Amino acid sequence: DGGITQSPKYLFRKEGQNVTLSCEQNLNHDAMYWYRQDPGQGLRLIYYSQIVNDFQKGDIAEGYSVSREKKESFPLTVTSAQKNPTAFYLCASSEGQRDYSNQPQHFGDGTRLSIL
Amino acid sequence: EDQVTQSPEALRLQEGESSSLNCSYTVSGLRGLFWYRQDPGKGPEFLFTLYSAGEEKEKERLKATLTKKESFLHITAPKPEDSATYLCAVRGAGGSKLTFGKGITLSVRP
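Residues numbered from 1 in each chain as written. Chains lettered and ligands numbered in written order. Predicted model: local features only at pLDDT ≥ 70, side-chain atom pairs only at ≥ 80, totals over all residues. Heavy atoms only, no water.

*Asks:* Honestly, the state of the cysteines in this entry has me stumped. Any pointers?
*Replies:* By definition, a disulfide is the covalent link that joins the sulfur atoms of two cysteine residues. For the coordinates displayed, the defined rule picks out two disulfides over all chains. Two residues, Cys23(A) and Cys91(A), share a disulfide whose sulfurs are 1.9 Å apart. Of note, the bridge from Cys23(A) to Cys91(A) carries an S-S torsion of about -75° and is left-handed in sense. Here Cys23(A), found in strand 3 (residues 19-25), pairs with Cys91(A), found in strand 9 (residues 87-94); they are 68 residues apart in sequence, far enough to count as distant. With a sulfur-sulfur separation of 2.0 Å, Cys23(B) is cross-linked through a disulfide to Cys88(B). (Disulfide = S-S within 2.5 Å. Helix = DSSP H or I, 4+ residues; strand = E, 2+ residues; numbered from the N terminus.)

Shown next as structure tokens:
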């Protein structure tokens, strides 16, 4: 079955530690996205990538980093500079490289990150 | 800046009691309005895309409509399995990013 796989489902971070969240898709989608979801707030865009080896900052990129070395993979690193990392992190993908692509985004089932 | 406001924040219905969820938006050059369903602890599941005022889409007990300022998700004769959070998002002419509302939590009692 085609889809988006996020791992791990739960992750705990210690003070001063960087952690990496995995996102893999087998939908052959060009574009991939990372969102953060907090209780009572809408999804907020962290980073997005429309093509391999290229990515752009979203609305809340500070304290996060990404890479896009392969079309199917878009890992997110939460660095120690992110002072409030506790949240539900969602990865999404969509067809099309163009900015005006009107294809819907499809989501994985998320990673819940907590502080130890 | 694109904005999306969803109302009410929460809605409790009796099974079979039809109702509507509202999504009001402001966007520069609407490229698409998207509805998603999200179950607890899961990622959002895509339901509909609407592109222009007057457009309607249906799927089982759900029907989405669009005007120039808002979208409605009508739920006809809901069942307990329709209980979920419903998210609305818009994409404007400025780029590929989506702007999401905070969601509406629907609870359907048997």
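*Asks:* I tried to follow the interface of chain A and chain B on my own but got confused; where do I start?
*Replies:* Interface size is commonly expressed as the accessible area that is lost once the parts come together. Each partner contributes residues to the interface: chain A has 25 residues there, and chain B has 20 residues. Both faces combined, the contact of chain A with chain B buries some 1800 Å², and carbon together with sulfur accounts for 51% of it. The interface formed by chain A and chain B includes two salt bridges. Between Lys97(B) and Asp59(A) there is a salt bridge, with the nearest N and O atoms lying 2.7 Å from each other. Across the contact surface, chain A and chain B share five residue pairs in polar contact (both at pLDDT 80 or more). Those elements that place two or more of their residues in the side of chain A that touches chain B are strand 4 (31-37), strand 5 (44-51), strand 9 and strand 10 (106-107) of chain A. Taken together, the residues of the side of chain A that touches chain B sort by class into 10 nonpolar, 11 polar and four charged. (Contact = heavy atoms within 4.5 Å. Buried area = accessible area lost by both parts, 1.4 Å probe. Salt bridge = Lys/Arg side-chain N within 4 Å of Asp/Glu carboxyl O. Polar contact = N/O pair within 3.5 Å; in protein donor to acceptor, adjacent residues only side chain to side chain. Nonpolar A, V, L, I, M, F, W, Y, C, P; charged D, E, K, R; others polar.)

*Asks:* In this structure, what is going on with the confidence of the model for chain A? I would like to understand it.
*Replies:* Low-pLDDT portions of the prediction should not be read for the details of their coordinates. Predicted confidence across chain A gives a mean pLDDT of 92, with 95% of residues reaching 70 or more. In the model of chain A, strand 2 (residues 10-13) of chain A stands out as the element of lowest mean pLDDT, 92, in contrast to strand 7 (residues 64-66) of chain A, which has the highest, 98. (pLDDT = per-residue confidence, 0-100.)

*Asks:* When you look at the packing of aromatic side chains in this model, what are you seeing that I'm missing?
*Replies:* Aromatic ring pairs are defined here through the distance separating the ring centres and the angle between the ring planes. Here the structure, examined in full by the defined rule, presents 10 aromatic pairs over all chains. Ring geometry for Tyr64(A) versus Tyr89(A): centroids 5.9 Å apart, planes at 65°, classification edge-to-face. Highlighted residues: Tyr64(A) in strand 7 and Tyr89(A) in strand 9, separated in sequence by 25 residues. Judged by relative accessible area, which is 5%, Tyr64(A) ranks as buried. On the numbers, 6.0 Å between centres and 40° between planes, the contact of Tyr36(B) with Phe100(B) is tilted. Taken together, the residues Tyr36(B) in strand 4 (residues 32-38) and Phe100(B) in strand 10 (residues 99-100) connect sequence positions 64 residues apart. Taken together, the ring pairs connect Tyr33(A), Tyr35(A), Tyr48(A), Phe107(A), Tyr36(B), Phe46(B) and Phe100(B) into an aromatic cluster. When the ring centre of Phe74(A) is taken as reference, the NZ or CZ atom of Arg68(A) above it lies at 6.0 Å. (Phe/Tyr/Trp six-rings, centres within 6.5 Å; stacked < 30°, edge-to-face > 60°. Buried < 20%, exposed > 50% of the residue type's maximum accessible area, 1.4 Å probe, protein only. Lys NZ or Arg CZ within 6 Å of the ring centre and 35° of its normal.)

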